[in-house]
Amino acid sequence: QVQLVESGGGLVQAGGSLRLSCAASRRTFSTYAMGWFRQAPGKEREFVAAITWNAGATYYADSMKGRFTISRDNAKNTVYLQMNSLKPEDTALYYCAAKRRAGSYAFLGEYDYWGQGTQVTVSS
């Protein structure tokens, strides 16, 4: 079992930045690929970004490319999401997730463990 705890959300003006963190409970964190997803009210949960276990590759949803950066520190069992140039449409509950199985990084069904989410609100 892996427990994931997100932090770093908050209220920010359009154009601002936030850095989300996700701390994992297990030392085997380094064996998991990690992803960030988000869910806005009334919408389905959508893929934001993912990173392989060794940070050898990163993946982004098209609308986040160039604005968001995913990274990880395996020594700290933590994955990060740096979000710049935020827009009101980025407002959502942001979740981190962990997976071991091979397969699409963008498909939420591939992930084994989920955090409770951290709220990001971007005002116009």
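Residues numbered from 1 in each chain as written. Predicted model: local features only at pLDDT ≥ 70, side-chain atom pairs only at ≥ 80, totals over all residues. Heavy atoms only, no water.

Draft legend 1. Just the pairing of strand E7 (residues 68-73), in detail. Here E7 shows a buried face lined by Phe68, Ile70 and Arg72 and an unburied face lined by Thr69, Ser71 and Asp73. Where E7 meets strand E8 (residues 78-83), 6 bridges bridge the pair, whose relative direction is antiparallel. In the sheet register, aspartate 73 faces E8, and the bridge partner there is threonine 78. Hairpin connection from E7 to E8: 4 residues lie between these consecutive antiparallel strands, with asparagine 77 at a positive phi of about 55 degrees. (Buried < 20%, exposed > 50% of the residue type's maximum accessible area, 1.4 Å probe, protein only. Helix = DSSP H or I, 4+ residues; strand = E, 2+ residues; numbered from the N terminus. Pairing = 2+ DSSP bridges.)

Draft legend 2. Main features of the environment of serine 30. As for its placement among the helices and strands, serine 30 is situated in the loop between strand E3 (18-24) and strand E4 (33-39). Between the C-alpha atom of serine 30 and that of valine 48, which follows or precedes it by 18 residues, the distance is 20 Å.

Draft legend 3. Focus on the state of the cysteines. This structure, assessed with the given rule, holds 1 disulfide. Two residues share a disulfide in this structure: cysteine 22 and cysteine 96, whose sulfurs sit 1.9 Å from each other. On the sign convention where negative is left-handed, the bridge of cysteine 22 and cysteine 96, at about 45 degrees about the S-S bond, is right-handed. Note that cysteine 22 is positioned in strand E3 and cysteine 96 in strand E9 (residues 92-99), a separation of 74 residues in sequence. Considered together, cysteine 22 and cysteine 96 belong to a single accessibility category, that of buried residues. (Disulfide = S-S within 2.5 Å.)

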